[in-house]
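What the coordinates show
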Amino acid sequence: MAKYRMVRTDFWKNPNVSEEMTPEDKFFFLYLLTNPYTTQIGIYKITKKEMAFDLGYSDETLNLIMERFIEHHKMIRYNPVTRELAIKNWGKFNLDKGGKPFMDCIYSELKNVKDTSLIQYVSEAIQKQEIRSLFESFCEQEERDSSNKVNDQKENNTYSAPDCGENDDTFTSRYTIGGQKENKKEKQQQKAFKTIIENNPEIENHLKTADAKEIIEFWDNNGFGFSNVNAKQQLLSWLDDSSFLQPKEVILKAMTIACANNKRKLNYVVGILKNWENESLLTIEEIDSFQTKEKPGPKQRPLTQSISAGRDIPSEFKLDLTAGEDW
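Residues numbered from 1 in each chain as written. Predicted model: local features only at pLDDT ≥ 70, side-chain atom pairs only at ≥ 80, totals over all residues. Heavy atoms only, no water.

**Topic: the overall build of the protein**
- Scanning the protein from N- to C-terminus turns up 15 helices and 3 strands.
- Among the 327 residues that make up the protein, the fraction classed as buried is 34%.
- Within the structure as shown, the protein displays about 22500 Å² of accessible surface, and the carbon and sulfur contribution to it stands at 50%. (Helix = DSSP H or I, 4+ residues; strand = E, 2+ residues; numbered from the N terminus. Buried < 20%, exposed > 50% of the residue type's maximum accessible area, 1.4 Å probe, protein only. Areas by Shrake-Rupley, 256 points an atom, 1.4 Å probe, with all protein chains shown as cover.)

See the structure below:
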């Protein structure tokens, strides 16, 4: 599905644009704001080859104009290793909304950023405090992980390195510890995100009321049992007590599946939710991707074999019932 990105009309009144940029600069800046790789957070992955191809520039021309934006205008940063680009003032003009769905989207995209220094770079221009706090939580977590990594290295250096042998499982141990750290980091980031929402009760209460109303309306309108208040309350508890990053959307999806299978019962819906939670499928995108992979391919019809019932009768054949009989 196509993604649309609008540019504010005051773009052309910005002194940096109107007085300091050449026509090529303006064209390039509009491309950075509207190309198909843009995200809600102002940090996205894109290669120089892709930019040069889209704009019709040579590699040399693109490098020159990017250097101008980085060194002279100081409006972007680019990591050539991770191939991630960040727009400095993106947060000032685009991260001024509120609401849990918007925060969910931001959180989901921040998780995928490899160079966290770009998160810090963009966060400096964000004026909405809860969004800025979410950005900073990723930077703080990265700093703690880096500090722990340095301490671990210092501690390991106090011991002599073992001789390499057939039973040396050092690599396996490091891999396991790294995986545990990644899981811990993920949980801490989720906790930071929930804390930001909880610290803004007016946002939280509004969202919970709207989400609960939408779920109840779906329940009532699709034959789950209008008078079954207890079941509704149990289902709504998943809004607060689950690990889903998009709880309302996930609950509605589970109910939609229940309707499609004609299983309009609480236990069936909860069973779906538990399965997704156990599989660590926390967003609609992850669930859809998992279901696509699990969906079996179309069954091939067995080849039908024609069974011969005998030889075809020649068209000129005439049945003579008296043939071979002596009278």
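So that's the structure; there's more coming.
**Digging into the packing of aromatic side chains**
- Throughout the structure, instances matching the rule amount to 6 aromatic pairs.
- On the numbers, 6.3 Å between centres and 85 degrees between planes, the contact of Phe-27 with Tyr-57 is edge-to-face. Here the residue Phe-27 occupies a position in helix α2 (residues 23–34), and Tyr-57 occupies one in the loop between α3 (48–55) and α4 (59–72), the gap between them amounting to 30 residues.
- Of the aromatic side chains, those joined through ring pairs into one cluster are Phe-28, Phe-29 and Phe-69. (Phe/Tyr/Trp six-rings, centres within 6.5 Å; stacked < 30°, edge-to-face > 60°.)

**Side note on the pattern of salt bridges**
- Following the criterion strictly, the structure yields 8 salt bridges and no others.
- A salt bridge links Asp-59 to Lys-49, with the shortest nitrogen-to-oxygen separation between them at 2.9 Å. With a gap of 10 residues between them, Asp-59 in helix α4 and Lys-49 in helix α3 connect regions that are remote in the sequence.
- Taking relative accessible area as the criterion, Lys-49 reaches 59% and is therefore assigned exposed.
- Each member of the salt-bridge network shares a partner with another, and the members are Glu-214, Lys-248 and Glu-249. (Salt bridge = Lys/Arg side-chain N within 4 Å of Asp/Glu carboxyl O.)

**Details of the sheet that holds strand β2 (residues 76–79)**
- Taking strand neighbours across the sheet as the criterion, the 3 strands line up as β1-β3-β2 in an open arrangement whose pairing is antiparallel. Edge strands, defined here as strands with exactly one partner in the open sheet, are β1 (43–45) and β2. For this sheet, the mean inter-axis angle between neighbouring strands, taken without regard to orientation, is 20 degrees.
- Direction of pairing for β1 relative to strand β3 (residues 84–87): antiparallel, over a ladder of 3 bridges. Among the inter-strand pairings, Lys-45 is bridged to a residue of β3, identified as Glu-84.
- The sheet strands contacting α2 are β1, β2 and β3, and the helix crosses β3 at an angle near 105 degrees.
- Contacting β2 and β3, α4 crosses the sheet at an angle of about 120 degrees to β2. (Pairing = 2+ DSSP bridges. Axes fitted to C-alpha atoms, helices over the stretch in contact; angles between N-to-C directions. Contact = heavy atoms within 4.5 Å.)

**Some thoughts on the nonpolar core**
- Ranked by internal contacts, the top residues of the largest apolar core, which has 71 residues, are Phe-29, Leu-32, Met-51, Leu-85, Phe-135 and Leu-273.
- Among the elements that make up this core, the one with the highest residue count is helix α13 (residues 247–260) (7 residues).
- With residues up to four places along the chain from it excluded, the contact list for Leu-32 reads Thr-38, Tyr-44, Met-51, Ile-76, Leu-85 and Ile-87. (Core = buried A, V, L, I, M, F, W, Y, C linked by side-chain atoms within 4.5 Å.)

**As for the side chain of Asn-79**
- Structurally, Asn-79 is set in strand β2.
- Given the relative accessible area of 14%, Asn-79 is considered buried.
- Apart from residues lying up to four places away in sequence, Asn-79 is in contact with Glu-84 and Asp-115.

**Regarding unusual backbone geometry**
- Positive phi values are uncommon outside glycine, yet Lys-74 reaches one of about 55 degrees.
- Looking at the secondary structure, you find Lys-74 in the loop between α4 and β2.
- Residue Asn-262 is not a glycine yet carries a positive backbone phi of 55 degrees.
- Counting through the fold element by element, Asn-262 comes out in the loop between α13 and α14 (266–278).

**A short note on the pairing of β3**
- Side chains Glu-84 and Ala-86 of β3 all project onto a buried face; the interleaved residues Leu-85 and Ile-87 project onto the opposite face, where all are buried too.
- In this structure, β2 lies alongside β3, joined through 4 bridges in antiparallel fashion. Note that in β3 the partner of Tyr-78 across the bridge is Leu-85.

**A few points about the packing of α13 against α14**
- The N-to-C vectors of α13 and α14 enclose an angle of 125 degrees; their axes lie 9 Å apart at closest approach. When the axes of α13 and α14 are compared, the pair comes out oblique. Where α13 crosses over α14, the two elements pack in a sense that is right-handed. Here Val-250, Ile-251, Lys-253, Ala-254, Met-255, Ile-257 and Ala-258 of α13 come into contact with α14, specifically with Tyr-268, Val-269, Ile-272, Leu-273 and Trp-276.
- Classifying every residue of the contact of α13 with α14 gives 11 nonpolar, no polar and 1 charged. (Parallel < 35°, antiparallel > 145°, perpendicular 65-115°, else oblique. Left-handed = near helix turned anticlockwise from the far one by under 90°. Nonpolar A, V, L, I, M, F, W, Y, C, P; charged D, E, K, R; others polar.)

**What to know about the side chain of Thr-283**
- Here Thr-283 is to be found in the loop between α14 and α15 (284–294).
- Accessibility expressed as a relative area gives 5% for Thr-283, which makes it buried.
- Once residues within four sequence positions are removed from consideration, Thr-283 is found in contact with Leu-245 and Gln-246.

**Points about the packing of α2 against α3**
- Put simply, α2 and α3 touch, their axes get as near as 12 Å, and they point 120 degrees apart. If you check the angle between α2 and α3, you find them oblique. The hand of the α2/α3 crossing is right-handed. On the side of α2, the interface is formed by Phe-27, Phe-28, Tyr-31 and Leu-32, while α3 contributes Glu-50, Met-51, Asp-54 and Leu-55.
- Residue composition of the contact of α2 with α3, grouped by class: 6 nonpolar, no polar and 2 charged.

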